[in-house]
Amino acid sequence: MITNESRRDFIKAAGALTLGVFVPQSMAQSGPGRTIGAFAGTPFTPNAFVRISSDNTVTVIVKHLEMGQGTYTGLPTLVAEELDADWSQIVAEGAPADASKYNNLFWGPAQGTGGSTALANSYEQLRKAGAAARAMLIAAAAEKWKAPPSEIRVAKGIVSHGTQKATFGELAADAANQKVPEDVKLKDAKDFVYIGKPAPRTDARAKSNGSAIFTQDVKLPGMLTAVVLHPPRFGAKLKSFDAAKAKAVKGVVEVVPFSTPATNGVAVLAKDYWTAKKGRDALSAEWDETGAFRLGSAEILAEYKRLAVTRGASARKEGDADAALQSAARTFEAGYEFPHLGHASMEPMNCGVQLGSESCEVWNGEEFQTVDQAMVAQAVGMKPEQVKLNQLYAGGSFGRRANPHSDYVVEAATIAKAIGARAPVKLVWSREDDMRAGYYRPMYYHTLEAAVDAQGKLTAWRHVIVGQSILTGTPFESMMVKEGIDATSVEGAANLPYAIPNLAVDLHTPKIGVPVQWWRSVGSTHTAFATECFLDEIARATKKDPLELRRALLAKHPRHKAALELAAAKAGWGKPLGQGRARGLAVHESFNTFVAQVVEVSRRQSSFRIERVVCAVDCGVAVNPNIIAMQMESGIGYGLSAALSGAITLKDGVVEQSNFHDYPVIRINQMPRIETYIVPSSEKPSGVGEPATPVIAPALANALLALNGKPVRALPLSNQGIALA
Amino acid sequence: MLSLNVNGKRMSVDAENDTPLLWVLRDHLELTGTKFGCGMSLCGACTVHIDGAPTRSCVTPVSAVAGKKIVTVEKIGETRAGKAVQDAWSAENVPQCGYCQSGQVMSAAALLAANKQPSDADIDKAMAGNICRCATYPRIRAAIKRAARSLA
């Protein structure tokens, strides 16, 4: 059975063995038993995560990318809690690339953001960082006031003893001379001041007045903007190009061919984007397409359907599903189709690079520091430590900026090298470039068969998944693809929580030339839909209530059950609805977070409307209920875009979509009302960035099944003639 | 040389006439609050005010706005509606990744400048051209209503 823990171990091992970047943990300049040493005016830096300045600012160094999911609020909350800081003095700052200090503790020695791990892996680390700083401030005050440390209090950023009071800023210089404590005691949950409360986002103001800096906004002296021409088909190679027309555009500075392990093409550089784009649009190029991918989506699907009837690699086998299916009183079967999906973050991919003789400096919304450092180093012929990464806000990512080949980052570095490092380069992809560059959520086809006995009890479940491997061909392949099973292809299916005695999950992993990548909630984007929709089809056919059917099968999975029951209760599950209305539900665990949703729909002539979404989430300790609700809303909106109309399709190998007119996404007038409820929990916190996404499509499809009596077996709905009113 | 009125200042720009206002603001005038999202007037990230009207700067040639009053997100906070919107955006914790929010703020500020008490339908109409991939829409709606209350 595949669990999240095994994934963490895989990545840990992958980082150490494949990338060869292991760095011992204890390289921080300060450490237990040592003093930092400082003079007046120098900020107090008790550890790699906290910096307290004499102006009373507490800067929390955040090791995870802020791409919307709230790391610059959630992680500082952990420090503020144990430090007893005042929230108004907290400032968040992105960490540099330094895996010796800022590695993801669930990924071993690698630094990066993904798998909804940011808060979960930092929970104790950052609380300890805050507690250590607090202990040193207390020690400084004790020395100054000649008072026993045990009598000194800290609250809301003020250190006090009797009538004596000092701010953190006033004590910072003295605190820097105190010993870093060997061990610190963390607060009991009952004493939490910030954890469990809705601290406001640290980045809301800067992101409302235009002052927040994204990669797109980076400007260095003499910087050139690069706009690129990529091949029209994946796998094509540049044969020849004519730069004359591009160079004839006034302001074009350079036209250079480039080639990276991920792609190749021609870059046009100018002082500004518009000039470079005009130059790029004027280019003519010829491509060698002997190795190009030339299938269409319909042909890929036909091949996947052919594979689905054959035996694949076994991802889970319990009992004898084949025998149980043969001897069953009644059987069911269904096939489910899923298209390629683009991430389509609001900020198209881009990257700034300044290449020097001794170093390569990168400006990027960095999601995968350790991989990007290694890949850029390889591209420019340096050592990883010579690659300096400057962390910026990312205008969305949904997984795209953590590319295992560092595709766009290496492209920027390669172009900087191709122009002889004569100027800093900012690579800017247009929306069309971004949408057609590949690295999609793979296409999948699933078949499911199930058997029930004479009493209607489920006795067998047979699930076959067909789709490309995300990890094959990446640095993670050797560790995360085992015996033909890419863990990301079967997650959510191979760990099906329902108690069914005979259960088999098989996987086929065809190799096709479309670059693919993880997409918000990864394998669960398709496995949750196939499993939860199939279960509802069985419930309907056997005249069982979808909630009761699941409850009976979840006896050994109390967290799934509790989330489901909370969502159902809040949604009024079972209460009669008016004519032309129906509800549907789904529950799914991803990244150790349990989410249940109930969708209420109404019929509007030939279309429908989503009246309400009720979402229940169990993510362990709820560090910031407001951020959790935001991520549930965001995940639901992102999942709805894909469910309603998301599809990247190919024709003769060419991507048919290019921009938001042919890859529509949800807009404010289509967004449903969402209510979020949090299951009270004292379990360690787990992530919330992804787990709401996979649940909405099956909950919606199950509501449509209840409304129309017809199952949804292919996404997006727009391709099935189903649209929102 | 083109002469522009941006955020109340006269500015000279050496750009081709067909250059979209978006790139003049971003690359020539270094006003990077206005964002590039689609280049086809499909997402609204590039929204600015031209003589008070919300306008997609990615498809507006710079030559078409010479002599007109251009206001960007950097200065909209100096208007009553703009300040109310920005304050409400913070109070409701609207932004997530934040990349689309300059455009959202500009569309919302234009709505409230013209309509002090927008209905849900008014909000849908004014804001449907602004995409947010983080789907902050429920909070955008709540923030517009909060800003409207503060302006009443």
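Residues numbered from 1 in each chain as written. Chains lettered and ligands numbered in written order. Predicted model: local features only at pLDDT ≥ 70, side-chain atom pairs only at ≥ 80, totals over all residues.

## Describing the overall build of chain B
Move 1: Helix and strand counts for chain B stand at 5 helices and 5 strands.
Move 2: Of the regular secondary structure in chain B, the N- to C-terminal order runs β-β-α-β-β-β-α-α-α-α.
Move 3: Counting only C-alpha atoms and orienting by the principal axes, one finds that chain B spans roughly 45 × 30 × 25 Å.
Move 4: Within chain B, the proportion of its 152 residues that are buried is 61%.
Move 5: Put simply, of all contacts in chain B between residues at least 6 apart along the chain, 63% involve residues at least 24 apart. (Helix = DSSP H or I, 4+ residues; strand = E, 2+ residues; numbered from the N terminus. Buried ≥ 20, exposed ≤ 12 C-beta atoms within 10 Å, placed from the backbone. Contact = placed C-beta atoms within 7 Å.)

## Describing helix H2 (residues 80-91) of chain B
All names here are of chain B.
Move 1: In this model H2 runs 16 Å from its N-terminal to its C-terminal C-alpha over 12 residues, within 8% of the 16 Å that 1.5 Å per residue would give.
Move 2: Those residues of H2 not exposed but buried are Ala81, Gly82, Ala84, Val85, Gln86, Ala88 and Trp89.
Move 3: Tucked inside the fold, the buried residues of H2 contact helix H3 (101-114) and helix H5 (137-151).
Move 4: The positive-phi residue at the C-terminal boundary of H2 is Asn93, with phi of around 50 degrees. (Expected span 1.5 Å × (residues − 1).)

## Side note on the sheet that holds strand S6 (residues 158-161) of chain A
Residue and element names in this part refer to chain A.
Move 1: Taken together, the 3 strands give an open sheet; going across it, the order is S5-S6-S7, and neighbouring strands pair in antiparallel fashion. Every other strand in the sheet has two partners, leaving strand S5 (153-155) and strand S7 (164-167) as the edge strands with one partner each. Looking at each pair of strands side by side, their axes are set apart by 25 degrees on average, direction ignored.
Move 2: Bridge count between S6 and S7: 4 bridges; the pairing is antiparallel. In the sheet register, Val159 faces S7, and the bridge partner there is Ala166.
Move 3: Along the sheet, helix H4 (residues 118-145) contacts S5, S6 and S7; its crossing angle with S6, the most-contacted strand, is approximately 40 degrees.
Move 4: The strands touched by helix H5 (residues 168-175) are S6 and S7; relative to S7, the strand with the most contacts, the crossing angle is about 80 degrees. (Pairing = 2+ DSSP bridges. Axes fitted to C-alpha atoms, helices over the stretch in contact; angles between N-to-C directions.)

## Quick notes on helix H1 (residues 21-28) of chain B
Residue and element names in this part refer to chain B.
Move 1: Most of H1 is tucked away, with 8 of its 8 residues classed as buried.
Move 2: Listed in full, the buried residues belonging to H1 are Leu21, Leu22, Trp23, Val24, Leu25, Arg26, Asp27 and His28.
Move 3: Where H1 ends, the next residue or the one after it, Glu30, has phi of about 55 degrees, a positive value.

## What to know about unusual backbone geometry
Residues and elements named next belong to chain A.
Move 1: Following Leu715, the chain continues to Pro716 via a peptide bond in cis, the omega torsion being 0 degrees.
Move 2: With respect to the helices, strands and loops of the structure, Pro716 is situated in the segment after helix H19 (693-708).
Move 3: Unlike most non-glycine residues, Ala344 shows phi in positive territory, near 50 degrees.
Move 4: Mapped onto the elements of the fold, Ala344 is located in the loop between strand S14 (330-338) and strand S15 (350-355).
Move 5: Judged by local crowding, Ala344 falls into the buried class, with 27 C-beta atoms found within 10 Å.
Move 6: Positive phi, normally seen in glycine, also occurs at Val522, with a value near 50 degrees.
Move 7: For Val522, the position within the fold is in the loop between strand S23 (502-508) and helix H15 (524-541).

## Focus: the sheet that holds strand S10 (residues 252-259) of chain A
Residue and element names in this part refer to chain A.
Move 1: Spatial ordering of the open sheet is given by S10-S11-S8-S18-S15-S16-S17, a layout of 7 strands whose pairing is mixed. Either end of the sheet is taken by a strand with one partner, and the two such strands are S10 and strand S17 (387-391). Across the sheet, the mean angle separating the axes of adjacent strands is 25 degrees when strand polarity is ignored.
Move 2: Judged from the 4 bridges that link them, S15 and strand S18 (residues 425-428) form a sheet pairing that is antiparallel. Residue Asn350 lies in a different strand from S18, and its bridge partner there is Val428.
Move 3: Where helix H10 (residues 369-380) meets the sheet, its contacts fall on S15, strand S16 (360-364) and S17, and the angle it forms with S17 comes to roughly 135 degrees.

## As for the domain arrangement of chain B
Residue and element names in this part refer to chain B.
Move 1: Assigned domains within chain B: domain 1 (2-71) and domain 2 (76-151).
Move 2: Computed over C-alpha atoms only, the centres of domain 1 and domain 2 are separated by 21 Å.
Move 3: Listed by partner, the interface residues are 15 residues for domain 1 and 12 residues for domain 2.
Move 4: For the side of domain 1 that touches domain 2, the secondary structure elements donating two or more residues are strand S3 (47-50) and strand S4 (53-56).
Move 5: Among the elements that line the side of domain 1 that touches domain 2, the one with the most residues is S3, at 3 residues.
Move 6: Considering only residue class, the side of domain 1 that touches domain 2 consists of 7 nonpolar, 7 polar and 1 charged. (Domains from an automatic or database assignment. Nonpolar A, V, L, I, M, F, W, Y, C, P; charged D, E, K, R; others polar.)

## Considering the nonpolar core
Move 1: Ranked by internal contacts, the top residues of the largest apolar core, which has 282 residues, are Val268, Ala413, Ala563, Ala567 and Cys615 of chain A together with Leu112 of chain B.
Move 2: Setting aside anything within four residues of it in sequence, one finds Ala413 of chain A in contact with Val353, Leu355, Cys360, Val376, Ala379 and Val380 of chain A. (Core = buried A, V, L, I, M, F, W, Y, C linked by C-beta atoms within 7 Å.)

## Overview of the interface of chain A and chain B
Move 1: Listed by partner, the interface residues are 46 residues for chain A and 46 residues for chain B.
Move 2: Here the side of chain A that touches chain B gets 6 residues from one element, more than from any other, and that element is helix H18 (residues 625-645) of chain A.

## A short note on the domain arrangement of chain A
Residues and elements named next belong to chain A.
Move 1: Along its sequence, chain A is organised into domain 1 (4-191), domain 2 (215-291 + 349-428) and domain 3 (297-341 + 440-720).
Move 2: Centre-to-centre, using C-alpha coordinates, domain 2 lies 37 Å away from domain 3.
Move 3: Taken together, the contacts link 11 residues of domain 2 with 13 residues of domain 3.
Move 4: In the side of domain 2 that touches domain 3, the residues fall into 5 nonpolar, 4 polar and 2 charged.

## A look at the pairing of S17 of chain A
Move 1: Alternating positions in S17 of chain A separate cleanly, Val387, Leu389 and Gln391 of chain A being buried on one face and Lys388 and Asn390 of chain A remaining unburied on the opposite face.
Move 2: Regarding the hand of the β-α-β motif, the stretch spanning S16 of chain A, H10 of chain A and S17 of chain A is right-handed. (Right-handed = clockwise from strand over helix to strand, strands pointing away.)

## A look at the packing of H15 of chain A against H19 of chain A
All names here are of chain A.
Move 1: As a packed pair, H15 and H19 sit with axes 8 Å apart at the nearest point and diverge in direction by 25 degrees. Judged by the angle between their axes, H15 and H19 are roughly parallel. Once H15 is placed against H19, the crossing between them reads as right-handed. The segment H15 lies against H19, with Ser524, Thr525, Ala528, Phe529, Glu532, Cys533, Asp536 and Arg540 engaging Thr693, Pro694, Val695, Ala697, Pro698, Ala701, Asn702 and Leu705.
Move 2: Residue classes in the contact of H15 with H19 are distributed as 9 nonpolar, 4 polar and 3 charged. (Parallel < 35°, antiparallel > 145°, perpendicular 65-115°, else oblique. Left-handed = near helix turned anticlockwise from the far one by under 90°.)

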